[in-house]
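# Residue-level structure breakdown
In case you want the letters, here they are:
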Amino acid sequence: MHSLKYDDAAMWDTVAGQGGVTKAEWRAMIPRLREADRSLARLSRGKQGWISPGSAKDPWVKEVLAQAKKVRGSSRGLLVIGIGGSDLGARALLQSLGDPSKGVWLDVLSNPDPEYIAAKLDDAKEWLKETAVLVVSKSGMTLETMAIFSLVREKLKALKGDKHRSQIYVISDPNGNPLHELSKSEGYNFIPHALNIGGRFSILSSVGLFPAACAGIPITRVLKGAQDRSLKNAAQRFAALHTLAMATHGQGTHVLMPYSNALETFGDWYRQIWAESLGKNGKGPTPLAALGTIDQHSQVQLFHDGPNDKAYTFISVEKPRRDVRLPASVNRIMPGLGGKKLSEIMQASYKGTATALSGAQRPHGTITIPTISPETVGALAQFFMLATAYTGELMGVNTFDQPGVEAGKIETKRLLGLV
Ligand code: PA5
């Protein structure tokens with residue numbers, strides 16, 4: 001069974017008219033694509049660890065599984081504290097694949113919003129005693145994460161005394177940063193963040209997979225999906241077509257619209273990787289997350305009739321994990337609807353929207369997955385990481401740095417008198 005198919009027929013001028021990519025533009029792109037491929041091959045030699053996804057045989061995967069087993073055996077829940085690349089991957093995996101019957105419950109704290117955090121801490125006595133706490137920070141110095149972690153740590157200490165240590169897990173670069181040092185001196189459970197994997201490319205590393213494994217997600221199957229060799233070719237096409245859409249046709253807003261609630265948070269993850277990797281040097285696409293069918297009643301009006309400055313990608317799920325058939329009684333309101341399945345409504349809605357966009361000559365493509373499974377979600381994650389890296393190469397930007405994020409971090413710390 002294939003893990004993912006990318007159909008780009010409606011990205012071309014044959015469907016999207018003047019807004020679509022032409023054969024001549026594509027031909028001119030081919031040598032650039034070859035060069036981008038050579039570049040990525042160079043980066044895959046140790047510099048960007050995510051390019052070759054891990055497998056069950058890798059020591060780090062075994063370590064993640066062993067630590068997660070420990071959590072599942074000793075705790076009822078896992079509280080993840082992290083932000084940006086340090087929490088979005090876990091959130092996306094949890095939403096698409098989490099099954100409360102198979103692992104511990106999971107919660108994530110990212111935003112140091114005082115009202116939200118205060119409310120969480122108010123009833124900490126009820127849940128924190130039997131909860132493992134995972135703090136994730138590659139740099140070990142992110143303000144929001146350290147602030148929230150310090151509050152939770154004090155609460156846990158107050159509840160458990162010295163015993164609190166065995167409940168704390170730390171994922172960070174093993175390079176002597178402040179969090180790593182604290183972890184060593186306090187004797188917390190430490191899981192290394194791979195030094196050659198950046199925050200937003202870490203969904204398939206310990207950062208995304210340890211919390212996922214605690215939640216009972218079969219992470220070796222997620223990794224297996226990511227190893228699908230056909231992803232590379234599909235990601236190259238996606239990257240080249242979106243680069244052309246942006247640079248040649250002015251379609252610099254890139255919409256991702258899955259028709260599945262399970263993939264809504266995956267849209268947030270996509271938004272970060274696309275924006276933070278590619279928004280550089282005065283250029284870059286604006287990612288926009290949408291959800292089918294919800295946004296048919298919200299943003300699709302703009303997509304269809306607004307400015308032709310966007311390229312769209314639908315994610316269609318062929319077979320949902322569960323389905324529901326409508327009762328015959330619905331015929332009294334909508335004759336003919338009785339007996340149809342909700343999956344048929346989702347499919348018709350996606351196809352109807354895609355066809356309407358073709359009619360309005362708006363460029364779009366569709367990623368189809370057979371179902372939501374560990375393999376297909378792993379494939380989706382790897383596909384978008386590859387597509388991001390190829391797009392960065394084609395645009396000529398450094399995909400893997402984030403000077404804008406760092407500048408904001410420094411200014412914030414300056415305002416707080418920390419630097
Ligand atoms: O992708 C990135 O590099 C950022 O979004 C980081 O993940 C985010 O700023 C959090 O950084 P850290 O993991 O160092 O706490």
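Each chain carries its own residue numbering, running from 1 in the direction its sequence is written. Only residues with pLDDT of at least 70 get local features here, since the model is predicted, and only at 80 or more are side-chain atom pairs given and counted; chain-wide, interface and lining totals rely on the full set of residues.

## Focus: the overall build of the protein chain
Per the convention used, a helix needs a DSSP run of H or I reaching at least four residues, while a strand needs a run of E reaching at least two, with both numbered from the N terminus. Across its full length, the protein chain holds 16 helices and ten strands. In terms of overall dimensions, the protein chain has C-alpha extents of about 65 × 60 × 45 Å along its principal axes. Every one of the 419 residues in the protein chain was classed for burial, and the buried ones make up 45%. Here contacts are defined at the residue level, using C-beta atoms placed from the backbone and a cut-off of 7 Å between them. Restricting to contacts in the protein chain with at least 6 residues of sequence separation, those with at least 24 account for 77%. Residue burial here comes from a neighbour count, namely the number of other C-beta atoms, placed from the backbone, that lie within 10 Å of the residue's own C-beta, with 20 or more meaning buried, 12 or fewer meaning exposed, and in between meaning partly exposed.

## A few points about the site of the ligand
In the vicinity of the ligand there are 15 residues, among which Gly84, Gly85, Ser139, Thr142 and Gly199 approach most closely. Residue classes follow a fixed rule: Ala, Val, Leu, Ile, Met, Phe, Trp, Tyr, Cys and Pro count as nonpolar, while Asp, Glu, Lys and Arg count as charged, and any other residue, Gly among them, counts as polar. For the shell around the ligand, the residue count by class is two nonpolar, ten polar and three charged. Using a C-beta atom placed from the backbone, a residue is described as near a molecule or strand when that atom lies within 6 Å of it.

## Quick look at the nonpolar core
One nonpolar core equals one set of buried Ala, Val, Leu, Ile, Met, Phe, Trp, Tyr and Cys residues connected by C-beta atoms within 7 Å. One finds Ile81, Val133, Leu134, Ala212 and Phe383 to be the most contacted residues of the largest nonpolar core, which totals 113 residues. Looking at this core, the element that brings in the most residues is helix H15 (residues 374–395), giving 13 residues.

## Examining the domain arrangement of the protein chain
Boundaries between domains were set according to an automatic or database domain assignment. Annotation of the protein chain at the domain level lists domain 1 (5–42 + 227–403) and domain 2 (54–219). For domain 1 versus domain 2, the separation of C-alpha centres amounts to 31 Å. The interface of domain 1 with domain 2 comprises 19 residues on the first partner and 17 residues on the second. Of all the secondary structure elements, the ones that give two or more residues to the side of domain 1 that touches domain 2 are helix H12 (264–278) and H15. Examining the composition of the side of domain 1 that touches domain 2, we find that nine residues originate from one element, H12, more than from any other. Per-class residue counts for the side of domain 1 that touches domain 2 are eleven nonpolar, five polar and three charged.

## What about the packing of helix H2 (residues 23–43) against H15?
At a closest axis distance of 9 Å, the pairing of H2 and H15 adopts a crossing angle of 120 degrees. The pairing of H2 with H15 is recorded here as oblique in orientation. Between H2 and H15 lies a crossing whose hand is right-handed. Residue-level contacts link Arg32, Ala36, Ser39 and Leu40 of H2 to Ala389, Tyr390, Glu393 and Leu394 of H15. Across the contact of H2 with H15, the residue classes break down as five nonpolar, one polar and two charged. Axis lines are fitted through C-alpha atoms, for helices just across the contact stretch, and the angle between N-to-C directions can take any value from 0 to 180 degrees. Angular relationships are summarised with four words: roughly parallel below 35 degrees, roughly antiparallel beyond 145, roughly perpendicular across 65 to 115, and oblique for the angles in between. Should the near helix be turned counterclockwise from the far one by less than a right angle, the crossing is left-handed, whereas a clockwise turn marks it as right-handed.

## Describing helix H14 (residues 342–359)
Look at H14: 26 Å from first C-alpha to last across 18 residues, which is about the 26 Å you get at 1.5 Å a residue. Buried residues of H14: Tyr350, Thr353, Ala354 and Leu357, and no others. The arc enclosing the buried residues of H14, seen along the axis, measures out at 95 degrees, which places them on a common side. Away from its buried face, by an angle of more than 90 degrees, H14 presents the exposed residues Ala348, Gly352, Thr355 and Gly359. Check the buried side of H14 and you find it contacts helix H13 (300–305), strand E9 (310–317) and strand E10 (364–369). With its phi angle positive at about 55 degrees, Gln361 sits one or two positions after the end of H14. To estimate the expected span of a helix, subtract one from its residue number and multiply by 1.5 Å. Here the arc refers to the set of directions running from the helix axis out to each C-beta atom.

## Quick look at the environment of Ser137
Its place among the elements puts Ser137 in the loop between strand E4 (131–136) and helix H7 (143–160). The class of Ser137 is buried, set by 30 C-beta atoms lying within 10 Å. Distance from Ser137 to Ile81, taken between C-alpha atoms, is 8.6 Å for residues 56 residues apart in sequence. Every residue in contact with Ser137, bar those within four places of it in the chain, is listed here: Gly82, Ser86, Thr142, Thr145, Ser172 and Leu179.

## Examining the sheet that holds strand E8 (residues 286–289)
Note on pairing: DSSP must find at least two bridges between two strands before they are called paired. Spatially, five strands are ordered E1-E10-E9-E7-E8 in an open sheet, and the strand pairing comes out mixed. Of all the strands in the sheet, the pair left with one neighbour each is strand E1 (5–7) and E8. Neighbour to neighbour, the strand axes of the sheet diverge by 20 degrees on average, direction disregarded. Those strands touched by H12 are strand E7 (253–258) and E8, and its axis lies near 180 degrees from that of E8.

## Section: the pairing of strand E5 (residues 168–172)
Along a regular strand, successive side chains alternate from one face of the sheet to the other. Across the five residues of E5, five count as buried, placing the element largely inside the fold. Residues Ile168, Val170 and Ser172 of E5 are buried on one face, and the alternating residues Tyr169 and Ile171, pointing to the opposite face, are buried as well. Across four bridges, E4 lies against E5 in parallel orientation. In the strand pairing of E5, Val136 is matched with Ile171. Crossover E4 to E5 through H7 is right-handed. In this structure, E5 lies alongside strand E6 (residues 189–192), joined through four bridges in parallel fashion. When the bridges of E6 are listed, Tyr169 appears paired with Asn189. Crossover handedness is defined by viewing with both strands directed away from the observer: a clockwise path from the first strand over the helix to the second marks the crossover as right-handed.

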